[in-house]
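# Results of the structural survey
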Amino acid sequence: MALNIKALLKNIVAYKASDLHLVSRSEPQIRIDGKLVALDMNKLDGKEIEEMCYTLLSDRQKKELEENKEIDFAVMFPDIGRFRANYYYTMNSELAAAFRIIPIQIPSLEDLNCPSIFKDITKREKGLVLVTGPTGSGKSTTLAAMLNEINKTEHRHIITIEDPVEFVHENQRSLFSHRNVGEDTKSFANALKYSLREDPDVILVGEMRDRETISTAITAAETGHLVFGTLHTNSAVQTVNRIVDSFEGPEQVQVRNMLATSLYSVISQSLLPKNGGGRVAIHEILINNSAISNLVRENKLHQIYSQMQLNQSKTGMSTQTQAMVKFLKANNISKEDAIRFSTQPQELINNIGI
């Protein structure tokens, strides 16, 4: 019997996987707890993948795929779930696809075992909050849980700008305006610019990809909005460096001054295998204060890390190493995985005494 895409996507749910990969000359593969596993099926060829995957595309999307050679979109099956999809071409112009499941039930901060400081962050009236980490580290899920907390507790207008829209929130106390880049707006930067005229209280920027988007996000935070965004960086200090380095010459001085006052928090997240199965999120947390603000303004970014280690009971800050040590003491993760995923492996080794 010929395979169909719905039958393959059901495997993600059945095996509690996160992703499905369809690549020519390979069996369909799913990612379980961060590891790829081949399904017990025949290898696919490019024609089979194309026939299955094209059934999910509109004529406009087919044209976009053929012109740009890749496309991002979201698709919903009421009896299966919601998925983020990416189609792309490989050698010999054969279509390939990656699907990631998006939970229909939006998790709470308690469901994700997030630190208590996360709730404090959601109660802010203004400021820039960045959730960072590598692809697949759960950034979107953490942001969805934070917006869910606002939705349950605050009367706010929340605008999300994503490519594509992932978590779809139902209005509770807050009002959501979901905007899909490519369909509802031409670009992140354009949507962010015009969002300031749409009476928002909270803005989610799905990805801060370019200088214009970063600049507008900082301005929005500076002018009285709570702005959430993501970057593909691995630590809080690297995140601040990446933002500053997106600008050139005299602009760097200006952006550091703006960032010193508008940045509220950087949460750098990584997902580690959990002892006994599953995965656990490790958070490095920077909360801006007068000391860190001065370091940003004076271009002493390399000193931020040591500042994050001070007065943590009062500030709620934590380095990745300190978070990992806590999880190691609780026997949630292995030493080997902690060292493998650490951004400061020697510091971690010194702390755990290997």
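Sequence positions are assigned chain by chain, starting from 1 and proceeding in written order. In keeping with the model being predicted, local features are shown solely for residues with a pLDDT of at least 70 and side-chain atom pairs are shown and tallied solely at 80 or more, while totals for entire chains, interfaces and linings include all residues. Side-chain figures throughout are based on the complete set of non-hydrogen atoms in the structure, without hydrogens or water.

## Focus on the sheet that holds strand 1 (residues 19-22)
Selection rule: A pair of strands is labelled paired if DSSP reports no fewer than 2 bridges between them. Think of it this way: any DSSP run of H or I at least four residues long counts as a helix, any run of E at least two long counts as a strand, and we number them from the N terminus. Only the stretch in contact is used when fitting a helix axis, every axis being a line fitted to C-alpha atoms; angles between N-to-C directions are given from 0 to 180 degrees. Should any heavy atoms of two residues lie within 4.5 Å, those residues are counted as being in contact.
One open sheet holds the six strands; their spatial order is 3-2-1-6-5-4, and the pairing between them is antiparallel. Each edge of the open sheet is held by one strand with a lone partner, namely strand 3 (35-38) and strand 4 (70-77). The mean inter-strand angle of the sheet, taken between neighbouring strand axes irrespective of direction, is 25°. Here strand 4 pairs with strand 5 (residues 81-90) via eight bridges, running antiparallel. By the bridge assignment for strand 5, A74 is matched with R84. Running over the sheet, helix 2 (residues 46-53) touches strand 1, strand 5 and strand 6 (94-102) and is turned about 50° from strand 6.

## Let's talk about the packing of aromatic side chains
Which entries qualify depends on this criterion: Pairs were defined over the aromatic rings of Phe, Tyr and Trp, the Trp ring being its six-membered one, requiring ring centres within 6.5 Å. Orientation was assigned from the angle between planes: stacked under 30 degrees, edge-to-face over 60, tilted for the rest. Note on classification: 1.4 Å probe, protein chains only; a residue is buried when its accessible area is under 20% of the maximum for its type, exposed when over 50%, partly exposed between these limits. Sitting over a ring, as applied to charges here, requires NZ of Lys or CZ of Arg to be within 6 Å of the ring centre and within 35 degrees of the ring normal.
If you walk through the whole model with that rule in mind, you get two aromatic pairs. When the centroid spacing of 6.0 Å and the interplanar angle of 75° are considered together, the rings of Y87 and F99 count as edge-to-face. With a gap of twelve residues between them, Y87 in strand 5 and F99 in strand 6 connect regions that are remote in the sequence. In this pair, the class of Y87 matches that of F99, namely buried. Of the aromatic side chains, those joined through ring pairs into one cluster are F73, Y87 and F99. A cation over an aromatic ring shows up here: R124 above the ring of Y264, its NZ or CZ 3.9 Å from the ring centre.

## Concerning the nonpolar core
Using the following cut-off: By nonpolar core we mean a set of buried residues, namely Ala, Val, Leu, Ile, Met, Phe, Trp, Tyr and Cys, connected to one another through side-chain atoms within 4.5 Å.
Membership of the largest hydrophobic core comes to 61 residues, with the highest contact counts inside it found for I121, F228, L259 and I304. The residues touching I121, leaving out its near neighbours within four places in the chain, are V129, M146, L226, F228, Y264, S265, I267 and I287.

## What about the sheet that holds strand 8 (residues 157-162)?
Spatially, the seven strands line up as an open sheet ordered 9-8-10-11-7-12-13, and their pairing is mixed. The open sheet is flanked by strand 9 (175-180) and strand 13 (279-287), the only strands paired with a single partner. In this sheet, adjacent strand axes meet at a mean angle of 15° when their direction is disregarded. Bridge analysis of strand 8 against strand 10 (residues 202-205) gives four bridges, and the strand direction is parallel. Following the sheet pairing, I161 is matched in strand 10 by V205. Contacting strand 8, strand 9 and strand 10, helix 6 (residues 188-195) crosses the sheet at an angle of about 165° to strand 8.

By themselves, these are just geometric observations and shouldn't be taken as functional.
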